[in-house]
Structures are given as C-alpha cells and as structure tokens.
Amino acid sequence: MIKPASQIRTTFNIALFAILFLPYKFIQAIAISVILIFALSYLWASQLDKQLSAERAVKEIKTVSFEKLTISFTIKNKSRFPALLCYVLDNVPFLHVFDKKNERLFKLGAHEQKSFFYEVNAMNRGLYTAGPLLIKTTDPLGLFEVIKEIECTQRILVRPARIQLKTIPIPGLPQGNIKINNPIYEDITMRRAIREYKDGDELKRINWRASAKFGGLFTNEYENTFDAPFFVFLNLAKDDYPLHLRHEKGEKAIEIAASIINIASRLKQRCGFAAYGSGFPFIKPGQNQAECILDILALIQMEDGKLEYDPMTKLKQELSSGTLLFIIGPEEVDLYNDKIAAKQYGITTKSLGIMKEVCK
C-alpha cells in the first residue's frame, strides 16, 4: 500500500491549476517541476512496494520452555531504487523478545538483501507463530509512504520445560544400544578387542583365526550392551488433580513425561506413549518416535473426567516383557514437588515410584 503525505493532493491541485490557468511561464515551470518530482517520487515508492520481499530459511522451529530461541528473516530489495530508510517489525505475540530486536531501522540498497536475527523465549509450551512481517519505507523526499504486510510466517513449537530428573534404565534386554560394564549383557555381535588366552577362558571365545596367525591362543572380548524399551503413561484427568493447583500440577506431570522421553531419545531406545488427555493418544514402542511424542506433549491438554482403571493392568497386555513402564499422575507430581522443596538432588524415576518393569 502506498500512502501519500497529507498535503500532497492539495499541492498537486495547485500546481495543476497554475499550469492550466496562470499565464506566467516562471510559475508554470515551477508547477511542472513540482508535478515531475511527485511523479518520480511515486514511481520510486511504487517500485519499492512491488519489489520489496521477505523470506525465512525454515518454516517451523522447535524449542523448549524458558530457553532462548533465535529467529531470523531476510528482507530483499529487487528494485533499482534504494530504500534509504526502512522499518521492519516481526510480529511475535505471546513470546518474550529480548532487547526488542524484532523491530529494526536500516538502509537497503538497490538489489540488496539483509538478514536479521533476534532472540525470544516462551514461558509456556504450545504452538506460536512469528509473523507476518510489517515493512515501512518511503521515497527520498518522504512524499509517499510504502506500507507492506508480508505473510511470511514461521511456526514455533514450544516443548515442555527441562526439569531435574534422572532415569536409570535397568533392567533391560541384552544386545542393544546402551553400553554397560556388566558381562550379563554381553553382545557377541559386537567384538571389542582380542587379548591373549587366560586360564579359564571358554573355548567358544577363542579367536581361531588370530590364534593360527600369531601362533598362540587369543580370546575375543565383546561389548556389554542392552536395550530398555520405554513406555510412558500420562494421567491428565482433571478430576484427579486438586482444583486450585490443577494447571500447575498438570504441567509438571507433562514436564516429567517429556524428561523421560528425552532420555529415551538420548539413549536411542524404542519408546511409546499413552495418555488420559486430549485426543487420548496411544503410540506403541518403536524406533525414532521420541520427536513425535515430544510434539504431542507440547500441545496436549487436560481432559474432563477421572482415571477409572489401573494403567499397569491395562497396558501389560499391550507391551512386551522387559519394557520399562512409567506411570505419571498427581501422586508422582506431589512426590516430585516435595523432593524439590526439600532440595534433594539426584531425583530418579525409580525413587519417585514411576518406573515399573513389565513382566509376563
């Protein structure tokens, strides 16, 4: 949109009147010059209006509550006229912007582009949007203001905040991704080293090829590894939480669930998820599902009603033996809050009574 200055229409009419009706050539020359200046300024502004554009490198970014996130965008001027004074505002509602750097004043030359960066954070998990971008500029004389709103939006998915909680995934199933100094989990598919034979070594461990090559007995040593499939059940039934602290405790339950899923992801373990919550999601344990579950936890909400069944009994039939089942509800949240209030460190899912092994 091009917005003319308040007095430009009156000035234009006076100049046109002088050209048409006044016999004085000097005044007519001035009036023609004024109209030519107006025309050139309008051409300048119209080119900027058409040729200014904006873009973002990515359409969606993910972060965690209370952690800083860098947002970027690029302004391009494809016209042959420079924007001598340009203002841009990136609209980011409900997010805290550091130093108000989502709005800038700058100069943009002809066929030039500039990238801008600023930091934000979110106090609450959820889905937010950056954009649209508002750009304002003008011709050199300030006669015509160019106002553009560019629908260059970016989705920002904010996951639950990180908390102080550890999960020690033992017991588990042999031959997996987690290394441990316990020969009970020896993985014969992952040879670690070869050493000289010692009395008592089993014959099946002898590396006969190396023994023949070096003229002595050599024994294989293997990595000790195990797997521990994770499954998280999250109780977000409203009636199970006290009314006056319902939101705070529900959010803490979600943060505990997210912490466990993050650990599963870091350990490269299969993980699954179910909840008494909005949408009632159910995801069986599988590889590479942690990101999907964390996205669900960024958006899930509490659900009306009360949990009327025992999750352990119900899920036992769905899960394989050896799966680590984590059940999170109001009692576990209260225990966690009590330990935090008592300034206890090294809080684990086992000490909270959250972790249970599925046995059949």
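Scroll up a little and you will see the structure.
Model, not experiment: these values are computed from the prediction.

On to unusual backbone geometry, then. Each neighbour pair has its own omega, and for Gly131 with Pro132 the value is 5°, a cis peptide bond. Along the polypeptide, Pro132 turns up in the loop between strand S9 (126-130) and strand S10 (133-138). Backbone geometry places Phe280, a non-glycine residue, at a positive phi of 45°. Of note, Phe280 is situated in the loop between strand S17 (271-276) and strand S18 (282-286). Note on Phe280: relative accessible area 42%, which makes it partly exposed. You will see that Asn288, though not glycine, has its phi angle at about 60°, which is positive. For Asn288, the position within the fold is in the loop between S18 and helix H5 (290-299). For Asn288, a relative accessible area of 77% corresponds to the exposed category.

Spatially, S3-S12-S9 is the arrangement adopted by the 3 strands of the open sheet, whose pairing is mixed. Across the chains shown, the open sheet's two edge strands, defined by having one partner strand only, are strand S3 (60-64) and S9. Here the strands of the sheet are splayed against their neighbours by 25° on average, with no regard to which way each runs. Sheet analysis places S3 next to strand S12 (residues 154-159), joined by 5 bridges and oriented parallel. Pairing of Ile61 across the sheet is with Ile156, part of S12. Sheet strands in contact with H5 are S3, S9 and S12, and its direction is about 90° off that of S12.

Glancing now at helix H1 (residues 8-21). With 14 residues, H1 ought to run about 20 Å at 1.5 Å a step, and its terminal C-alpha atoms sit 20 Å apart, in line with that. Every buried residue of H1 is accounted for by Ile8, Ala15 and Ala18. Buried residues along H1 cover an arc of 90° about the axis, so they all sit on one side. Facing away from the buried side of H1, by more than 90 degrees, are the exposed residues Arg9, Leu20 and Phe21. Looking at the buried positions of H1, the neighbouring elements they touch are strand S1 (2-4), helix H2 (25-51) and strand S11 (144-150).

Thresholds, definitions, all that
Residues numbered from 1 in each chain as written. Predicted model: local features only at pLDDT ≥ 70, side-chain atom pairs only at ≥ 80, totals over all residues. Heavy atoms only, no water. Helix = DSSP H or I, 4+ residues; strand = E, 2+ residues; numbered from the N terminus. Buried < 20%, exposed > 50% of the residue type's maximum accessible area, 1.4 Å probe, protein only. Pairing = 2+ DSSP bridges. Axes fitted to C-alpha atoms, helices over the stretch in contact; angles between N-to-C directions. Contact = heavy atoms within 4.5 Å. Expected span 1.5 Å × (residues − 1). Arc of directions from axis to C-beta.

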